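Descriptive structure summary
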Amino acid sequence: QVQLVESGGGLVQAGGSLTLSCGASGSIFSINAMGWYRQAPGKQRQVVAVAISGGRTNYADSVKGRFTISRDNAKNTVYLQMNNLKPEDTAVYCCYADTNTVDGGYVEVWGQGTLVTVSS
């Protein structure tokens, strides 16, 4: 079993900043990738940013230059630093981890989601 615990969401004014964090725990052997998705009301879920083992990162075009994803591999934790937030960034942000377990298995895990609200 692998679990994800997210924190850091909240209400912020446009132009402000927030940092989300997500820690993974459980029967983890290694983590291939960790990232963040978001879903706004009435819209489809979209990838925001992903950090892949080896240091590679991918971002949605809409957040490039404003958001930064980083991983602390020792803590199995991923962070999303969000700067210059816009009202259109308002969404539930969900953490994701692609993990290899100690028993030789593989599991994709999702967090419960944290709400980010950006007021204009």
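For the structure itself, look to the data block above.
In this report, we go over the structure that sits alongside the text. No experiment lies behind these values; they were computed from the predicted model shown.

Definitions and limits used
- Residues numbered from 1 in each chain as written.
- Predicted model: local features only at pLDDT ≥ 70, side-chain atom pairs only at ≥ 80, totals over all residues.
- Heavy atoms only, no water.
- Phe/Tyr/Trp six-rings, centres within 6.5 Å; stacked < 30°, edge-to-face > 60°.
- Helix = DSSP H or I, 4+ residues; strand = E, 2+ residues; numbered from the N terminus.
- Buried < 20%, exposed > 50% of the residue type's maximum accessible area, 1.4 Å probe, protein only.
- Salt bridge = Lys/Arg side-chain N within 4 Å of Asp/Glu carboxyl O.
- Pairing = 2+ DSSP bridges.
- Axes fitted to C-alpha atoms, helices over the stretch in contact; angles between N-to-C directions.
- Disulfide = S-S within 2.5 Å.

We now examine the packing of aromatic side chains. Under the defined criterion, the tally for this structure stands at three aromatic pairs. Ring geometry for Y37 versus Y96: centroids 5.9 Å apart, planes at 70°, classification edge-to-face. Remark: Y96 occurs in strand β9 (residues 91-101) and Y37 occurs in strand β4 (residues 28-39); sequence separation between them is 59 residues. For Y96, a relative accessible area of 10% gives the class buried. Considering the side-chain rings of Y96 and W110, the 5.0 Å spacing of their centres and the 55° angle between planes classify their relative orientation as tilted. Here the residue Y96 occupies a position in strand β9, and W110 occupies one in strand β10 (residues 106-110), the gap between them amounting to 14 residues. By relative accessible area, W110 is classed as partly exposed at 33%. An aromatic cluster is present here, built from Y37, Y96 and W110 joined pairwise through their rings.

Turning our attention to the pattern of salt bridges. Opposite charge on two side chains permits pairing when their charged atoms draw close. Considering all chains together, one arrives at three salt bridges under this definition. A salt bridge links R38 to D89; its shortest N-O distance comes to 3.0 Å. In this pair, R38 sits in strand β4 while D89 sits in the loop between β8 (77-82) and β9, placing the two residues 51 residues apart along the sequence. Judged by its relative accessible area of 6%, R38 falls in the buried class. Residues joined by salt bridges that share partners form a network here, namely R38, R66 and D89.

Here we take up the sheet that holds strand β1 (residues 2-7). As summarised here, the arrangement of the four strands in space is β1-β3-β8-β7, forming an open sheet in which the pairing is antiparallel. Both edges of this open sheet fall to β1 and β7 (67-72), since each of them pairs with a single strand only. Direction aside, neighbouring strands of the sheet carry axes that sit 15° apart on average. Bridge count for strand β3 (residues 18-26) against β8 is six bridges, and the pairing is antiparallel. Residue pairing across strands places L18 opposite M82, the latter belonging to β8.

Our focus in this paragraph is the state of the cysteines. Evaluated as defined, the whole model comprises one disulfide. The disulfide that involves C22 links it to C95, with 2.0 Å between the sulfurs. Measuring the twist about the S-S bond at about -85°, one finds the C22-C95 disulfide to be left-handed. Of this pair, C22 sits in strand β3 while C95 sits in strand β9, and the two are 73 residues apart along the sequence. With a relative accessible area of 0%, C22 lands in the buried category. Unpaired in this structure, C94 has its nearest cysteine sulfur neighbour in C95, at a distance of 8.7 Å.

Attention now goes to the pairing of β8. Bridging between β7 and β8 involves six bridges; their strand directions are antiparallel. Considered in β8, the bridge of D72 is made with T77. Connecting β7 to the antiparallel partner β8 that follows it, the hairpin turn spans four residues, and N76 within it adopts a positive phi of roughly 50°.

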